Amino acid sequence: MTTTIPTNQLLEIAATYGTPVYVYDANKIKTQYEKLVNGFSILDTRIFYACKALTNLHVIKYINSLGCNIDCSSINEVKLALHAGVAPENVLYTSNGISFAEIEEAVAAGVHINIDSLSNLEKFGKKYGHSYPVGIRLRPNIMAGGNLKISTGHDKSKFGIPVEQISELEQIVKDNNIFIRTLHIHTGSDIKDAEVFVKGIEVLFELFPHFPELEVIDLGGGFKVPYKEDEKETNIAALAQKLKQAFADHPLANGKELQVWFEPGKFLVSECGYLLAEVNVLKQNADVIIAGINTGLNHLIRPMMYDAYHYISNLSNPNGEEKKHMITGYICETDTFASDRMLPEIKEGDILCIHNAGAYGYEMASNYNSRYRPAEVLVKDGEAILIRKRESFEDLLKNII
Ligand code: LLP
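Looking at an unreviewed UniProt entry, one finds the chain named Diaminopimelate decarboxylase and attributed to Lacibacter cauensis. According to the UniProt record, the Pathway (unreviewed entry) comment for the chain reads "Amino-acid biosynthesis; L-lysine biosynthesis via DAP pathway; L-lysine from DL-2,6-diaminopimelate: step 1/1."

S.K.: In this structure, what is going on with helix α2 (residues 26–39)? I would like to understand it.
M.R.: The terminal C-alpha atoms of α2, which comprises 14 residues, lie 20 Å apart, in line with the 20 Å expected from a rise of 1.5 Å per residue. Of all the residues in α2, the buried ones are Ala26, Lys28, Ile29, Gln32, Tyr33 and Leu36. All buried residues of α2 lie within an arc of 165° about the axis, which places them on one face of the element. In α2, those exposed residues whose orientation departs by more than 90 degrees from the buried face are Glu34 and Asn38. For α2, the elements touching its buried residues are β1 (21–25), β2 (45–50), α3 (57–65), α9 (236–248), α10 (266–269) and β17 (375–380).

S.K.: Just checking my understanding: could you explain the domain arrangement of the chain for this structure?
M.R.: Many analyses report the size of an interface as the accessible area lost when the parts associate. The assigned domain composition of the chain is domain 1 (26–265) and domain 2 (273–357 + 374–392). The C-alpha centroid of domain 2 is placed 34 Å from the C-alpha centroid of domain 1. Listed by partner, the interface residues are 10 residues for domain 1 and 12 residues for domain 2. When its residues are assigned to classes, the side of domain 1 that touches domain 2 shows 5 nonpolar, 3 polar and 2 charged.

S.K.: Can you walk me through unusual backbone geometry in this structure?
M.R.: It is generally the case that most residues other than glycine have a negative phi and that most peptide bonds are trans. Cis rather than trans, the peptide bond between threonine 19 and proline 20 has omega equal to -5°. With respect to the element layout, proline 20 can be found in the loop between α1 (7–17) and β1. The phi torsion at asparagine 177 lies on the positive side, around 50°, for a residue other than glycine. Take asparagine 177: there are 11 C-beta atoms within 10 Å of it, and that puts it in the exposed class.

S.K.: Just checking my understanding: could you explain the UniProt feature "modified residue: N6-(pyridoxal phosphate)lysine" (unreviewed entry) in the chain for this structure?
M.R.: Following the UniProt record, the feature "modified residue: N6-(pyridoxal phosphate)lysine" (unreviewed entry) maps to Lys52 here. Among the secondary structure elements, lysine 52 is positioned in the loop between β2 and α3. Lysine 52 has contacts with Ser73, Glu77, Gly265 and Glu363, leaving out every residue within four places of it along the chain.

S.K.: Quick question: what am I supposed to make of the nonpolar core here?
M.R.: The nonpolar side chains of soluble globular proteins are, as a tendency, buried together. Core analysis: the biggest nonpolar cluster contains 109 residues, and Val23, Leu276 and Ile354 have the highest contact counts within it. Ranked by residue count, the leading element in this core is strand β11 (residues 273–284), at 5 residues. Both domains that furnish three or more residues to this core are identified here as domain 1 (26–265) and domain 2 (273–357 + 374–392). If near-sequence neighbours (up to four positions away) are discounted, isoleucine 354 is found in contact with Tyr274, Leu275, Ala277, Leu300, His310, Ile312 and Phe337.

S.K.: I tried to follow the confidence of the model for the chain on my own but got confused; where do I start?
M.R.: The predicted coordinates of low-pLDDT regions are not to be read in fine detail. Chain-level pLDDT for the chain is 95 on average; 99% of the residues reach the 70-or-more range. For this predicted complex, the interface confidence comes out at an ipTM of 0.99, alongside a pTM of 0.97.

S.K.: Help me understand the pairing of β17, please; the structure alone is not making it clear to me.
M.R.: The two faces of a sheet get side chains in turn, since along a regular strand they alternate between them. Burial runs high along β17: 5 of the 6 residues are buried. By the bridge criterion, 5 bridges tie β1 to β17 in an arrangement that is parallel. Following the sheet pairing, valine 21 is matched in β17 by alanine 375. Strand direction decides the pairing type here: β17 and strand β18 (residues 383–388), joined by 5 bridges, are antiparallel.

The rules we used
- The numbers attached to residues start from 1 for each chain and follow its sequence in the written order.
- The predicted origin of the model limits local features to residues at a pLDDT of at least 70 and limits the giving and counting of side-chain atom pairs to 80 or more, whereas totals for whole chains, interfaces and linings rest on all residues.
- UniProt positions are given in the numbering used here, feature names are shortened, and annotations may be inferred rather than shown by experiment.
- Only DSSP runs of H or I reaching four residues or more are called helices, and only runs of E reaching two or more are called strands; each is numbered from the N terminus.
- The span expected for a helix works out to 1.5 Å for each residue beyond the first.
- Remark: C-beta atoms are placed from the backbone, and a residue is labelled buried if 20 or more other C-beta atoms sit within 10 Å of its own, exposed if 12 or fewer do, or partly exposed between those counts.
- Here the arc refers to the set of directions running from the helix axis out to each C-beta atom.
- We call two residues in contact when their backbone-placed C-beta atoms lie within 7 Å.
- Where each domain starts and ends comes from a domain assignment, either automatic or drawn from a database.
- Residue type decides the class: Asp, Glu, Lys and Arg count as charged, Ala, Val, Leu, Ile, Met, Phe, Trp, Tyr, Cys and Pro as nonpolar, and the leftover types, Gly among them, as polar.
- We define the nonpolar core as any set of buried residues of the types Ala, Val, Leu, Ile, Met, Phe, Trp, Tyr and Cys, connected via C-beta atoms lying within 7 Å of each other.
- Scored between 0 and 100, pLDDT is the confidence that the predictor attaches to each residue.
- DSSP bridges decide pairing: two strands pair if at least two such bridges lie between them.

Laid out in structure tokens, this is it:
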């Protein structure tokens with residue numbers, strides 16, 4: 001796997017801004033967005049970037065400047081999107097387990113909302129009646145996603161309103177005359193089999209007769225990106241064909257053409273991101289060299305939390321002799337990035353590059369072990385721009401009273 005940013009520029013960024021540092025390639029984001037737009041051109045589609053993957057304001061602004069809408073998972077993400085200058089009609093708030101107060105705030109902001117519980121839907125109906133078109137997040141009872149922790153549509157999941165509760169749901173909608181514009185599902189992240197999206201709309205087709213004012217179906221996010229060299233990303237054009245076929249085989253909802261919304265996170269920003277770290281120490285174990293780097297699960301938790309594979313390259317010695325390495329972090333936990341990886345020989349001081357770090361990387365970072373969160377750099381039109389500085393000791397103290 002090669003980096004989309006030249007090695008010498010990555011090394012320069014490491015030297016200029018220090019390590020660990022997250023680096024994002026704006027060009028790669030644009031390429032991914034264009035794949036979505038071109039692939040889905042045969043359907044009436046709107047793309048909302050699931051900004052929980054990476055919320056740096058500059059990234060939100062950049063993605064919005066491409067013409068992409070923004071999906072949010074908390075009221076603060078909604079505020080960030082609005083602060084970034086995104087128009088409310090281009091912001092979607094798909095939450096779970098939130099208080100009704102957040103829904104009221106989202107209504108006041110004028111953004112699209114998907115509601116995920118019967119109790120909030122009822123409160124919404126009592127307060128807004130038919131005046132504010134809204135979406136409902138359903139749980140379709142479909143198993144999907146790269147692993148159980150990122151599977152959200154199955155029958156034991158906390159997400160959405162279970163489809164089997166359709167009668168109760170319909171009663172609440174009728175009693176309060178709620179304008180249900182959207183049916184939403186999100187079955188999981190890192191979905192390998194795109195058939196899941198077809199299964200998803202088939203579940204929704206069954207429900208169409210219950211919602212006479214329906215205008216939109218929202219199939220969530222979850223498109224796959226390659227984390228390993230032999231993995232393939234979701235073929236968007238092929239998926240669009242399958243969805244079009246499914247629509248063709250099915251009577252339209254209430255005789256109306258529906259718009260299809262998607263909320264991709266990883267597809268847009270996973271591969272654009274690199275976490276650069278320096279090798280602090282080497283240790284020799286029986287048959288493996290342990291390379292301890294100056295980052296850890298505090299900065300990229302995916303390998304430890306999901307057993308996620310992240311490709312790693314040695315920028316300082318790309319053509320060295322391949323040796324078996326274990327790459328570990330500096331946190332007082334077993335924070336192993338790779339346990340048994342053939343890599344060009346690593347020396348102390350080398351700069352390693354962890355690939356696919358754009359999505360859920362910085363975003364899930366913490367101050368564990370009282371470490372600072374890293375800096376973030378965006379490479380745009382060949383130029384490296386610092387878009388968030390590294391934290392400092394003052395940041396660790398700032399809310400202490
Ligand atoms: N829409 C909804 C309602 C979601 O819950 C999510 C992700 C997305 C869209 C975007 O999914 P994506 O296209 O990024 O797969 N931290 C985990 C992933 C958690 C995903 C949470 N929801 C990871 O690093 O794998």
